[in-house]
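Geometric and topological summary
Letter by letter, the chains look like this.
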Amino acid sequence: DVGRFSLSPSHVTVSTVGIAPRMRQLATDEPRANLALSLHAPTQAQRESIMPAARAFPLEEVMRALDDYVKACRPGKQVMIEYIMLAGVNDADSDADALGALLQGRPVVVNLIPYNPTEATPGYARSEDARTDAFLKRLVDGHGLRTFVRRTMGTDVSSACGQLVKDTQRRQNPLLEA
């Protein structure tokens with residue numbers, strides 16, 4: 001219902017980890033809405049290791065759904081590709097090249113996201129700024145992809161993106177304190 005919140009659908013972004021049928025449904029139900037795809041890795045194996053939900057839909061199927069979404073929308077529509085930068089996990093030059101090859105020719109904008117450390121994911125660390133800059137440069141110069149780095153705020157007070165989950169879970173279930 002467009003009138004409910006007085007928002008134009010073009011000002012709404014739906015984010016997904018790659019639920020292919022719902023990506024296609026969005027194109028049918030509301031092609032004016034924007035799509036953000038949390039890709040986070042250029043291969044299926046890497047995606048599954050970073051986000052287990054990726055097991056539900058193979059990367060090839062997700063990319064076909066992305067292509068279907070773009071075809072169903074107005075010309076010039078771009079999809080935001082979310083890519084968290086994890087030191088030593090998905091930030092190598094080879095990862096940038098594989099991502100560039102995967103996205104080549106698709107109307108996308110890549111959003112590189114500095115990882116914000118949390119107690120919930122102790123095995124990960126943020127990529128160094130120089131590594132993130134090199135990754136960005138490789139995507140832009142080597143693959144012609146429009147790419148930027150998300151500005152991070154709130155890390156110093158544990159309130160940046162991804163950092164609130166543990167505290168919220170703790171407040172909802174005091175047994176998590178044990």
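One can find the structure itself at the top, above this paragraph.
Description of the structure in this document.

Rules behind the numbers
Residues numbered from 1 in each chain as written. Predicted model: local features only at pLDDT ≥ 70, side-chain atom pairs only at ≥ 80, totals over all residues. Heavy atoms only, no water. Pairing = 2+ DSSP bridges. Helix = DSSP H or I, 4+ residues; strand = E, 2+ residues; numbered from the N terminus. Axes fitted to C-alpha atoms, helices over the stretch in contact; angles between N-to-C directions. Contact = heavy atoms within 4.5 Å. Salt bridge = Lys/Arg side-chain N within 4 Å of Asp/Glu carboxyl O. Buried < 20%, exposed > 50% of the residue type's maximum accessible area, 1.4 Å probe, protein only. Arc of directions from axis to C-beta. Core = buried A, V, L, I, M, F, W, Y, C linked by side-chain atoms within 4.5 Å. Parallel < 35°, antiparallel > 145°, perpendicular 65-115°, else oblique. Phe/Tyr/Trp six-rings, centres within 6.5 Å; stacked < 30°, edge-to-face > 60°. Left-handed = near helix turned anticlockwise from the far one by under 90°. Nonpolar A, V, L, I, M, F, W, Y, C, P; charged D, E, K, R; others polar.

So, on to the sheet that holds strand β4 (residues 108-114). Backbone hydrogen bonds are what pair the strands of a sheet, in a parallel or an antiparallel way. The strand order across the open sheet built from five strands is β1-β2-β3-β4-β5, with neighbouring strands paired in parallel fashion. The outermost strands of the open sheet, each flanked by one partner alone, are β1 (13-16) and β5 (146-149). Along the sheet, successive strands turn relative to each other by an average axial angle of 25°, direction set aside. Relative to the sheet, helix α5 (residues 129-143) contacts β3 (79-85), β4 and β5, its axis offset from that of β5 by approximately 170°.

This part is about unusual backbone geometry. Unlike most non-glycine residues, His 40 shows phi in positive territory, near 65°. For His 40, the position within the fold is in the loop between β2 (34-38) and α2 (44-50).

This part covers the environment of Thr 147. Positionally, Thr 147 belongs in strand β5. Here Thr 147 is in contact with Val 110, Leu 112, Leu 136, Leu 139 and Val 140, once residues within four sequence places are set aside.

Looking now at the pattern of salt bridges. Scanning the model with the defined rule gives 10 salt bridges in all. The shortest N-O distance in the salt bridge between Glu 82 and Arg 150 comes to 3.1 Å. One end of the pair, Glu 82, is in strand β3; the other, Arg 150, is in the loop between β5 and α6 (165-172), with 68 residues separating them in the sequence. On the basis of relative accessible area, Arg 150 is assigned to the partly exposed category, the value being 29%. When the shortest N-O distance is used, the salt bridge between Lys 137 and Asp 141 registers 2.6 Å.

Moving on: helix α4 (residues 93-103). Restricting attention to buried positions, one finds in α4 the residues Asp 95, Ala 96, Leu 99, Gly 100, Leu 102 and Leu 103. Buried residues in α4, looked at end-on, bunch into an arc of 160°, giving them a common side. Seen from the buried face of α4, the exposed residues on the opposite side, beyond 90 degrees, are Ser 94 and Ala 101. Against α2, α3 (59-72), β3, β4 and α5 lie the buried residues of α4.

Bringing the nonpolar core into the picture now. Counting residues in each nonpolar core, the largest one holds 30 residues, and the members touching the most others are Leu 39, Val 79, Ile 81 and Leu 103. Put simply, the parts of the chain that give this core at least two residues each are α1 (20-29), β2, α3, β3, α4, β4 and α5. One finds Ala 41, Ile 50, Ile 84 and Leu 86 within the second-largest nonpolar core, a separate group that totals five residues.

Across the interface, α1 lies against α3 with an axial gap of 8 Å and an inter-helix angle of 0°. For the element pair α1 / α3, the angle class is roughly parallel. Seen from α1, the contacting residues are Ala 20, Met 23, Arg 24, Leu 26 and Ala 27; seen from α3, they are Glu 61, Val 62, Arg 64, Ala 65, Leu 66, Asp 68, Tyr 69 and Ala 72.

For the structure on display, the rule yields two aromatic pairs. Judged by centre distance (6.2 Å) and plane angle (70°), the ring pair of Tyr 115 and Tyr 124 falls under edge-to-face. On the accessibility criterion, Tyr 115 (5% relative accessible area) is buried. By relative accessible area, which is 25% here, Tyr 124 ends up partly exposed.

This next bit is on the packing of α4 against α5. Interaxial distance between α4 and α5 falls to 9 Å at its minimum, and their mutual angle equals 35°. The handedness of the crossing between α4 and α5 is right-handed. Here Asp 93, Asp 95, Ala 96, Asp 97, Leu 99, Gly 100 and Ala 101 of α4 come into contact with α5, specifically with Arg 131, Phe 135, Arg 138, Leu 139 and His 143. When its residues are assigned to classes, the contact of α4 with α5 shows five nonpolar, two polar and five charged.

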